[in-house]
Amino acid sequence: MTETVTSRLNDVDIEAVGGLVQAIKDDASKAKTTWAARVHWKGAFASEARVRSFEPSQSDEPAALGGGDTAPNPVEQLLGALGNCLAVGYAANATVAGIELKDVRVDLKGDIDLTVFLGLADGYAGFDSVSATVTIDSDAPRDQLETLHATVLKSSPVGHTIGNAVPVAITLA
């Protein structure tokens with residue numbers, strides 16, 4: 001299907017998204033946004049992140065890394081953030097394309113060598129690689145799903161952020 005959907009499909013309010021698109025077309029400065037979080041250390045390896053007015057999301061390390069294993073650790077949350085961003089991209093772009101989604105699953109994994117994190121060496125402490133497998137349940141033809149997939153990969157903010165060198169400035173107040 002190539003027509004643009006103007007009602008709810010995939011439980012997405014496409015009119016709201018269309019309103020944002022039109023607002024940005026009318027005033028390009030509205031495309032520039034800033035997102036924020038505040039993290040508070042709770043003791044040991046536990047912390048919580050507050051975003052807007054939501055309940056805080058908890059973070060901890062697994063017991064094998066000295067934590068209490070009470071919540072996902074930061075690298076697991078990063079994988080989750082990528083998967084969530086991709087899911088949003090599939091829902092939004094499928095809806096615009098008129099593709100009904102029955103289910104979308106994103107399975108992610110990443111490899112990290114803990115040597116630098118544990119202070120045993122200098123170097124790179126991040127993921128060596130991240131992989132994601134997307135499973136889409138839809139009656140849409142395979143070529144439409146491949147086009148959808150390509151569109152999502154070209155427009156994922158989290159995917160682009162972790163897939164490219166992004167300047168990060170961390171200062172001590």
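Calculation rules
What you see as residue numbers is a count from 1 along each chain, following the sequence as written. Residues qualify for local features only when their pLDDT is at least 70, as the model is predicted, and side-chain atom pairs are given and counted only at 80 or more; totals for whole chains, interfaces and linings, by contrast, use all residues. Heavy atoms from the whole structure form the basis of all side-chain values; hydrogens and water molecules are not counted. Secondary structure counts use DSSP, requiring at least four H or I residues in a row for a helix and at least two E residues in a row for a strand, with both numbered from the N terminus. Relative accessible area decides the class of each residue, using a 1.4 Å probe on protein chains only: under 20% of the type maximum gives buried, over 50% gives exposed, and in between gives partly exposed. Only four residue types enter the charge count, namely Lys and Arg as positive and Asp and Glu as negative; His and the chain termini do not. For this purpose, a charge sits on NZ of Lys, CZ of Arg, CG of Asp or CD of Glu. The method works on a 1 Å grid over the protein atoms by themselves. A cavity is a set of points holding a 1.4 Å probe that cannot get out, a pocket is an open set with protein on both sides within 12 Å along at least five of seven lines, and residues with an atom within 4 Å of a point line them. Grid points are joined across faces, edges and corners, and a volume is the space filled by probe spheres set on the points. Under the grouping applied here, Gly and all other residues not named as nonpolar or charged are polar, the nonpolar ones being Ala, Val, Leu, Ile, Met, Phe, Trp, Tyr, Cys and Pro and the charged ones Asp, Glu, Lys and Arg. Put simply, a salt bridge is a Lys or Arg side-chain nitrogen that is within 4 Å of an Asp or Glu carboxyl oxygen. The span one expects for a helix is its residue count, reduced by one, times 1.5 Å. Whether two residues touch is decided by their heavy atoms; if any such pair falls within 4.5 Å, the residues are in contact. We call a set of buried residues a nonpolar core when its members are Ala, Val, Leu, Ile, Met, Phe, Trp, Tyr or Cys and they connect through side-chain atoms within 4.5 Å of each other.

(A) Main features of the overall build of the chain. Along the backbone of the chain there are four helices and five strands. Beginning at the N terminus, the succession of helices and strands in the chain can be written as α-β-β-β-α-β-β-α-α. For the chain, the C-alpha atoms occupy an extent of roughly 55 × 35 × 30 Å along the three principal directions. Counting over 173 residues, the chain shows a buried share of 22%. Averaging the positions of the 13 positive and the 23 negative side-chain charges in the chain gives two centres separated by 7 Å.

(B) Region of the structure containing the layout of surface pockets. In this structure, the largest pocket encloses a volume near 1,800 Å³. Put simply, the parts of the chain that give the lining of the largest pocket at least two residues each are α1 (14-26), β2 (46-50), β3 (57-59), α2 (74-97), α3 (142-155) and α4 (157-163). For the lining of the largest pocket, the element with the most residues is α2, which contributes 12 residues. Forming the boundary of the second largest pocket are 20 residues, of which V75, I112, A125, G126 and F127 lie nearest the centre. Elements with a minimum of two residues in the lining of the second largest pocket: α2 and β5 (129-137). Considering every element that reaches the lining of the second largest pocket, the biggest residue donor is α2, with five residues. Per-class residue counts for the lining of the second largest pocket are 13 nonpolar, four polar and three charged.

(C) How the structure looks around the pattern of salt bridges. One pass over the full model with this rule turns up four salt bridges. The residue D139 makes a salt bridge to K102 at a minimum N-O spacing of 2.9 Å. Residue D139 is found in the loop between β5 and α3, and its partner K102 is found in the loop between α2 and β4 (103-111); the two are separated by 37 residues along the sequence.

(D) Summary view of α2. Helix length check: α2 (24 residues) gives 34 Å between terminal C-alpha atoms against 34 Å at 1.5 Å per residue, within 8%. Listed in full, the buried residues belonging to α2 are L79, L82, G83, C85, L86, G89, Y90, A94 and T95. On its buried side, α2 packs onto α1, β4, β5, α3 and α4. Just downstream of α2 lies G98, where phi reads positive at about 75°.

(E) Layout of the nonpolar core. Formed by L82, L86, Y90, A94, I99, L101, V106, A140, L145, L148 and V152, the largest nonpolar core amounts to 11 residues. Elements that contribute at least two residues to this core include exactly α2 and α3. Setting aside anything within four residues of it in sequence, one finds V106 in contact with G83, L86, A132, T133 and V134.

(F) Expanded view of unusual backbone geometry. Here A44, not a glycine, exhibits a phi torsion of approximately 50°, which is positive. Of note, A44 is situated in the loop between β1 (38-43) and β2. Judged by its relative accessible area of 65%, A44 falls in the exposed class.

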